[in-house]
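Take a look at the letters that make up each chain.
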Amino acid sequence: MPSTPESIAAAALWISASSLAWRLLGAWIRTHRSRRAYPRLTTDTQARDARIHGSLLGLAAGDAVGLPAERLPRWLVRLRYPGGPRLRAGRLRLFRRAGDVSDDTQLAIAVARSIMPDGSYCHERFRDELRAWYAYRVGAGKATTHAARRLWRNRASAPAPLRSAGNGVAIRVAPLGLVIANDDHLLHAVELNGRETHGAPLAIAAAKLIALFVHRAQRFAPGALPRGNQYHGFIEALALRAGFPLDRYRAALAGGSLAERLETCGTGPHVLESVTAVLLVLHSHPVDFRAALAAVFAAGGDTDSIGSMVGAILGANLGSDGLVAEWTQVAPAEYLGWLSSKLSRSSVAARGGMIRCLTGDIAEQRCDVIVNPWNRNAIPTWLLLPQGVSRALRRAGGARALVQLNEHPPMPLGGARETSGFALAARWVIHVAGIDHLWRASVTSIRESTEAALRLAAWLGARSVALPLIGAGSGGFSATRAEAIMREVCREWTESFDDIRIVRRRSPPSAPVHEARPRGKP
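Residues numbered from 1 in each chain as written. Predicted model: local features only at pLDDT ≥ 70, side-chain atom pairs only at ≥ 80, totals over all residues. Heavy atoms only, no water.

The secondary structure content of the chain amounts to 20 helices and seven strands. With 522 residues in all, the chain has 56% of them scored as buried. Looking at the chain alone, contacts between residues at least 24 apart form 75% of all its contacts between residues at least 6 apart. (Helix = DSSP H or I, 4+ residues; strand = E, 2+ residues; numbered from the N terminus. Buried < 20%, exposed > 50% of the residue type's maximum accessible area, 1.4 Å probe, protein only. Contact = heavy atoms within 4.5 Å.)

We now examine helix 8 (residues 183-195). Over its 13 residues, helix 8 runs 18 Å from end to end, which matches the ideal 18 Å to within 8%, given 1.5 Å per residue. Restricting attention to buried positions, one finds in helix 8 the residues D183, L186, L187, A189, V190, N193 and G194. Taken end-on, helix 8 shows its buried residues confined to a sector of 160°, consistent with a single buried face. Along helix 8, exposed side chains directed more than 90 degrees from the buried face belong to H185, H188 and R195. In this structure, the buried side of helix 8 is in contact with helix 4 (103-112), helix 5 (123-133), helix 7 (174-179), helix 9 (201-219) and helix 10 (228-242). For helix 8, the side-chain oxygen to backbone nitrogen distance between the N-cap and D184 is 2.9 Å, and the N-cap itself is N182. (Expected span 1.5 Å × (residues − 1). Arc of directions from axis to C-beta. Polar contact = N/O pair within 3.5 Å; in protein donor to acceptor, adjacent residues only side chain to side chain.)

Most peptide bonds take the trans configuration, and most residues that are not glycine carry a negative phi. With a phi angle near 55°, F422 is a residue other than glycine that sits in the positive phi range. Within the secondary structure layout, F422 lies in the loop between strand 3 (416-420) and strand 4 (428-433). Located in the positive-phi region is W439, a residue other than glycine, with phi close to 65°.

Overall, the coordinates contain nine aromatic pairs when judged by the stated rule. Ring geometry for F213 against F234: centres 5.3 Å apart, planes inclined by 70°, an arrangement best described as edge-to-face. Within this pair, whereas F213 is found in helix 9, its partner F234 is found in helix 10, the two being separated by 21 residues in sequence. A residue is classified by how much of its surface remains accessible, and F234, at 13% relative accessible area, is buried. Grouping aromatic residues by their ring pairs yields a cluster made of F213, F220, Y231 and F234. A cation over an aromatic ring shows up here: K342 above the ring of W459, its NZ or CZ 5.6 Å from the ring centre. (Phe/Tyr/Trp six-rings, centres within 6.5 Å; stacked < 30°, edge-to-face > 60°. Lys NZ or Arg CZ within 6 Å of the ring centre and 35° of its normal.)

The next subject is the pattern of salt bridges. By the definition in use, this model includes 23 salt bridges. Between R127 and E196 there is a salt bridge; the shortest N-O distance is 3.2 Å. Residue R127 is located in helix 5, and its partner E196 is located in the loop between helix 8 and helix 9; the two are separated by 69 residues in the primary sequence. When sorted by exposure, R127 lands in the same class as E196, which is buried. (Salt bridge = Lys/Arg side-chain N within 4 Å of Asp/Glu carboxyl O.)

Within strand 5 (residues 464-468), five of the five residues are buried, which leaves the element mostly enclosed by the surrounding structure. What you see with strand 5 is no split at all: S464, A466 and P468 on one side and V465 and L467 on the other are buried throughout. As defined by bridge partners, strand 2 (residues 369-374) adjoins strand 5 across two bridges and the pair is classed as parallel. Among the inter-strand pairings, I370 is bridged to a residue of strand 5, identified as A466. The sheet contact formed by strand 5 and strand 6 (residues 499-504) spans five bridges and is parallel. Looking at the pairing, S464 lines up with D499 of strand 6. Crossover connection from strand 5 via helix 20 (residues 479-490) to parallel strand 6: handedness right-handed. (Pairing = 2+ DSSP bridges. Right-handed = clockwise from strand over helix to strand, strands pointing away.)

Attention shifts here to a nonpolar patch on the surface. A surface patch of nonpolar side chains, about 380 Å² in accessible area, is lined by W22, L25 and W28. Within the fold, L25 resides in helix 1 (residues 5-36). (Patch = residues over 30% accessible without salt bridge, like charges linked within 9 Å, V, L, I, M, F, W, Y side chains within 5 Å. Areas by Shrake-Rupley, 256 points an atom, 1.4 Å probe, with all protein chains shown as cover.)

For the pair helix 10 and helix 13 (residues 271-284), interaxial distance at closest approach is 10 Å and the crossing angle is 155°. By the criterion of interaxial angle, the relationship of helix 10 to helix 13 is roughly antiparallel. In the packing of helix 10 onto helix 13, the handedness of the crossing is right-handed. Contacts between helix 10 and helix 13 pair Y231, H232 and I235 from the former with L279, L282 and H283 from the latter. Here the contact of helix 10 with helix 13 is composed, by residue class, of four nonpolar, two polar and no charged. (Axes fitted to C-alpha atoms, helices over the stretch in contact; angles between N-to-C directions. Parallel < 35°, antiparallel > 145°, perpendicular 65-115°, else oblique. Left-handed = near helix turned anticlockwise from the far one by under 90°. Nonpolar A, V, L, I, M, F, W, Y, C, P; charged D, E, K, R; others polar.)

Looking at where W459 falls in the secondary structure, it is placed in helix 19 (residues 443-459). Using a relative accessible area of 2% as the deciding quantity, one classes W459 as buried. Aside from chain neighbours lying at most four places away, what touches W459 is A112, R113, S114, I115, M116, P117, R125, W338, L339, K342 and E418.

L176 and V310 are the most contacted members of the largest nonpolar core, which totals 135 residues. For this core, the element with the most residues is helix 9, which contributes ten residues. For L176, the contacting residues outside a window of four places in its chain are V111, I115, Y121, L186, A189 and V190. (Core = buried A, V, L, I, M, F, W, Y, C linked by side-chain atoms within 4.5 Å.)

Further remarks concern the environment of H188. Following the sequence through the fold, H188 ends up in helix 8. Along the primary structure H188 and K208 are separated by 20 residues, whereas in three dimensions their C-alpha atoms are 9.1 Å apart.

This next bit is on the packing of helix 2 (residues 50-66) against helix 4. Axis separation between helix 2 and helix 4 bottoms out at 8 Å; the angle between their running directions is 160°. One way to sum up the angle between helix 2 and helix 4 is to call them roughly antiparallel. For the pair formed by helix 2 and helix 4, the contact residues are L59, A60 and D63 on the first element and D104, T105 and A108 on the second. Tallied by class, residues from the contact of helix 2 with helix 4 come to three nonpolar, one polar and two charged.

Structure below.
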């Protein structure tokens, strides 16, 4: 039957409507997952460092306050939001609530979760976090999404980054500046982190400048950031150390007011514009958090990214008490408090333990962490019938750990997420995605799940870990081969724990096998 203009128009309309519906569904799913990404964890009650807490809260506040005006020109910001900056729910941007954050805060949290208890940066932990972030990303940039997608699909062990000079690295490196004290180690960690997603040296240089600025702001007395000519000399020294060009910054200083300077330099997502805008705002408002974010909001452009960088620097200097209280009521505020207490920990001495292969019920193990082999968490737990280790944990009184797992978004294959231990004898339960969507395990999924669980346990500060045979139950993998793979991975982590136990459910009766730890750190 020949096509008519009416049939072609109807087909085009149907395709457009279907595409729009699919995009809206994807946006709703990612927004819903982003709110579940940071559950309430109450097992860590250590006092927080006010500077670290302030920097994380300031970063999230700048992101949430600036998000409504993102990518809007200056005149439209004034027309649409005459009341100035505040936490707003979405209007044209559907599904957004007041206090929701975007990729600026999400990626900064991913970097913070990659810092180990001894203050070192673990790049493999960041790659785990980047893979998991792909499922709940909000407002992500092209370069970071490209790298996360390849990791999520396991298409390459080392994704080739796009040659991008966007601010995707600069917005996330503040936690490194808060924790790593040595400048050389800090710059190395920033470069290692930036190369994962961005191939342009300028993007990494800008990130080094922001990390150094956060580090220096934390060391100044509250409200004592350099001003006037001292500020210019301070920025020149930081830029020289980081390798960031200041030509645009010097040219913008010739303007009159701050608004004119921001208009001269631009407020787009390119690091030459966004990082220069951060330096100009802090030159005019070195101690006033409200005035600094108000200037960023009124300028339009990439307001959430610029606001997050300004908020991180001012929060590192002023502390949590120097921020605007009503702006810090962001969605992950409680989780940021818990995370800041983790980053506030002092360095721990190197440990050395042994690997023990035992037979028994893993739910009865008294240790810091119990590992639960799970699926990719795409199906709610109430639709599943727990088997194997999950059933043992539930029978032992740990049903709430599985319920809390519903608060997490889907995990990539080989990923790991933590929940509280609740009634179990362990402080934490780490759930790993050891089987794929077809409920099958592989050598890769077992190896990556074991590594991810041990990295996460080390980040939590655990001293003892109990692991079952991942993939040997519902995954249909050979128990003997699974144990050999896991023991090979565990040998590389004996320096990080006092006790690593591999617990088998069924095996011939024999004495526990003890392996002396090898020398060297993982």
